[in-house]
Structure formats: structure tokens, C-alpha cells
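Residues per chain, in single letters:
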Amino acid sequence: MKYFSSTSFKLALIYLIIFSTSVVLLVIYFYQSSVGLLDKVTDRTIQVEIQGLAEQYQKRGLQEVVDIIQQRLNKSPLTQSIYVLADKNKKILVGNLNQWPKLKNDDQGWVHFNLQSNKTSSDPQYVRAKQFKLIGSYYLLVGREVHALVETKKLMFDALLWGL
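Being a predicted model, the structure only gives us computed values, none of them experimental.

Asks: Looking at this structure, I do not really get a nonpolar patch on the surface. What am I missing?
Replies: Nonpolar side chains collect at one region of the surface, where F4, F9, L13, L16 and I17 lie side by side and expose about 470 Å² of accessible area between them. Tracing the chain through its elements places L16 in helix α1 (residues 7-60).

Asks: So what exactly am I meant to see when it comes to the environment of Q47 here?
Replies: Within the secondary structure, Q47 is located in helix α1. Separated by 82 residues in sequence, Q47 and A129 have C-alpha atoms that sit 9.2 Å apart. Ignoring sequence-local partners within four residues, the contact set of Q47 consists of W110 and K130.

Asks: Mind showing me how you'd approach the pairing of strand β2 (residues 92-95) here?
Replies: The two faces of the sheet receive side chains in turn, since in a regular strand these alternate between them. Where strand β1 (residues 81-86) and β2 come together, three bridges link them in antiparallel fashion. Opposite L85, over in β2, you have V94 as the bridge partner. Taking the residues that link successive antiparallel strands as the turn, the β1-β2 hairpin has five residues, and the phi of K90 there is positive, at about 65°.

Asks: How should unusual backbone geometry be read in this particular structure?
Replies: The phi torsion at K90 lies on the positive side, around 65°, for a residue other than glycine. Turning to its location among the elements, K90 is positioned in the loop between β1 and β2. Overall, K90 belongs to the partly exposed group, its relative accessible area being 31%.

Asks: I keep staring at the packing of aromatic side chains and nothing clicks. Help me out?
Replies: Aromatic ring pairs are reported here in terms of the distance separating the ring centres and the angle at which the planes meet. On inspection of all chains with the given rule, the structure shows four aromatic pairs. On the basis of an interplanar angle of 20° and a centroid distance of 6.1 Å, the ring pair of Y15 and F19 is categorised as stacked. Taken as a pair, Y15 and F19 lie in helix α1 at a separation of four residues, close to a single helical turn. Considering the side-chain rings of Y57 and Y138, the 6.5 Å spacing of their centres and the 65° angle between planes classify their relative orientation as edge-to-face.

Asks: Explain helix α3 (residues 147-163) here, please?
Replies: Note: α-helices contain 3.6 residues per turn, so residues at a spacing of three or four share the same orientation. Between its first and last C-alpha, α3 extends 24 Å over 17 residues, near the 24 Å set by a 1.5 Å rise per residue. Listing the buried residues of α3 in full gives L149, K153, M156 and L160. Seen along its axis, α3 keeps its buried residues to an arc of 65°; they face one direction. For α3, the exposed residues set more than 90 degrees away from the buried face come down to L155, L161 and W162. Residues of α3 that are buried sit in contact with α1.

The rules behind these values
- Residues numbered from 1 in each chain as written.
- Predicted model: local features only at pLDDT ≥ 70, side-chain atom pairs only at ≥ 80, totals over all residues.
- Heavy atoms only, no water.
- Patch = residues over 30% accessible without salt bridge, like charges linked within 9 Å, V, L, I, M, F, W, Y side chains within 5 Å.
- Areas by Shrake-Rupley, 256 points an atom, 1.4 Å probe, with all protein chains shown as cover.
- Salt bridge = Lys/Arg side-chain N within 4 Å of Asp/Glu carboxyl O.
- Helix = DSSP H or I, 4+ residues; strand = E, 2+ residues; numbered from the N terminus.
- Contact = heavy atoms within 4.5 Å.
- Pairing = 2+ DSSP bridges.
- Buried < 20%, exposed > 50% of the residue type's maximum accessible area, 1.4 Å probe, protein only.
- Phe/Tyr/Trp six-rings, centres within 6.5 Å; stacked < 30°, edge-to-face > 60°.
- Expected span 1.5 Å × (residues − 1).
- Arc of directions from axis to C-beta.

Structural data, given as C-alpha cells:
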């Protein structure tokens with residue numbers, strides 16, 4: 001009992017609390033920074049692709065956008081990128097989806113939906129995308145399949161948890 005009331009024990013306990021709190025805060029910061037960077041890279045990639053396609057639509061018209069999307073899909077048919085160009089009734093003109101997906105918007109304008117994978121796995125794949133309305137009542141949906149990103153986040157979280 002006298003050990004618990006000693007000054008040495010109290011100092012060691014205070015040091016332990018400060019050290020543990022510092023480590024936990026550092027791990028949380030590292031995780032948030034890493035995950036945030038991964039999300040920003042994905043979001044920026046989607047934004048740049050949308051901007052490029054929208055500029056081509058304004059400069060050269062609908063057929064140019066159709067050709068660009070078709071070229072991208074032909075070049076890499078198993079891409080993680082999602083491209084869909086649809087008319088005002090959401091009928092697909094070109095893209096790598098068979099139909100316009102049911103979209104859930106978040107507060108920042110991003111849409112999320114599940115996509116049935118063509119891979120051997122029957123698990124649906126999670127897609128993060130943005131839709132954009134083009135002049136002339138056309139809709140452009142550009143996104144990325146982010147299953148690998150979600151799995152990476154889980155692995156990082158588990159590694160940091162075990163590290164603690």
C-alpha cells in the first residue's frame with residue numbers, strides 16, 4: 001500500500017498517462033493524415049478527369065467526349081475508373097456501366113454506389129464518383145472503384161491498432 005502513495009509511484013503514473021496519451025494522439029494523427037492523403041489523391045484524379053472531359057465537350061462537342069471515353073476504356077478495359085456518358089433520360093451513350101446507377105450524394109457533392117464486380121468474387125465493389133451535367137442535357141459520371149482503398153485503410157487501421 002505504501003508503494004501507491006509514494007512520490008515515485010505518482011510520478012511514474014503521471015509519466016505513463018502523458019506518454020500513453022501522446023502515443024494515442026500521434027497514432028490518430030498519423031492515421032488521419034495517411035487516409036486523408038489517399039482520399040485526396042483519389043478525389044483529385046476524378047476532378048481532373050471530369051474537368052478534362054468537360055473542356056473537350058465545350059471545345060469539340062459530344063462526339064469528342066464519346067471518342068475519348070471509348071479510347072480510355074479500349075486502352076484499359078479492366079480499369080478501376082468509371083466513365084458513363086448518358087442522355088437526359090439517363091440512357092447510356094458510352095461507358096463501362098450497363099445502366100445509370102442509383103446514386104447516394106454526400107454533403108460535398110460526391111456520389112457513392114456499389115458495383116457488382118466482374119471478378120470471381122461476388123462482393124460488390126464500392127465506387128466514389130461525381131456526376132456532372134453537360135450543356136445540352138447530357139450527364140457525365142466519372143469515378144473510381146475504391147475497394148482497394150477501403151482495404152488499405154482497414155490494413156492501416158489494424159496495423160496501427162496492433163502497434164498500440
